[in-house]
Amino acid sequence: RARRREIRSNGDVLVFDLGAGSLANFSGLRVPMTSLKNVFLSHLHADHIADYVTLMGSYVKAGRLDPVEVWGGGSDEPELGLAEFVASIDRALAWDLESMRGSVATSGAPATAHEVPYDRTEVVYDRNGVTITSFPVIHILNGAVGFRVDYAGQSVVFSGDTRPTMTLVEAARGCDLLIHETFLPPKTFSE
């Protein structure tokens, strides 16, 4: 029988980006959706946020009572930042939420947005022995960030989409695992 190694921090579940299929992976791993407390978004391209709407629309139905917290890059233009994205999705789900009122608790429906700096490296999360540092990456518009997670003497760096950048090199220095975003080349889609 295979043994699996788990690192736990008071049961906190963190997710980095929510592309299409993310929620199916939660189900396949038997991670209860209601345990997801923290979402970290590297940027707001559709392939990184596709399952966010479904996640937010599912919390109340799944019995979640506490709002989820969402971290991601701010912007020089507020309408392009994380706070506006989160507020827009909350507004878009108003009908869905209203249809649940009276039959289930709705306190877990809204999200709390935490915009992180897109232009400097900064510790943005420090709870239960987990430290998460965001760092700027270069990806089309201001607002894209990567994240480094440090816990129990181990570290993982998630770059999101980026061009080569020294901030990624510095964040990945000494890390145990680097997850660097890749995407299939256009030729793959035309075959």
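Residues numbered from 1 in each chain as written. Predicted model: local features only at pLDDT ≥ 70, side-chain atom pairs only at ≥ 80, totals over all residues. Heavy atoms only, no water.

(A) Local environment of the side chain of T133. Relative to the helices and strands, T133 resides in strand β6 (residues 130–136). According to the relative accessible area criterion, T133 is buried, its value standing at 15%. Look past the residues within four positions of T133 in its chain and what remains in contact with it is T121, E122, V123, V124, G146, F147 and R148. (Helix = DSSP H or I, 4+ residues; strand = E, 2+ residues; numbered from the N terminus. Buried < 20%, exposed > 50% of the residue type's maximum accessible area, 1.4 Å probe, protein only. Contact = heavy atoms within 4.5 Å.)

(B) Structural view of the sheet that holds strand β9 (residues 177–179). Spatially, the 5 strands line up as an open sheet ordered β5-β6-β7-β8-β9, and their pairing is mixed. Lying at the two open borders of the sheet, with one neighbouring strand each, are β5 (122–127) and β9. When the angles between neighbouring strand axes are averaged without regard to direction, this sheet yields 15 degrees. One ladder, built from 3 bridges, connects strand β8 (residues 154–158) with β9; its direction is parallel. Among the inter-strand pairings, V156 is bridged to a residue of β9, identified as L177. (Pairing = 2+ DSSP bridges. Axes fitted to C-alpha atoms, helices over the stretch in contact; angles between N-to-C directions.)

(C) Representation of the sheet that holds strand β3 (residues 68–73) in the model. Here 4 strands make up an open sheet; going across it, the order is β1-β2-β3-β4 and the pairing parallel. The outermost strands of the open sheet, each flanked by one partner alone, are β1 (13–16) and β4 (111–116). Within this sheet the neighbouring strands show an average axis-to-axis angle of 20 degrees, counted without direction. Across 6 bridges, the pairing between β3 and β4 is parallel. When the sheet's bridge partners are listed, V70 is paired in β4 with A113.

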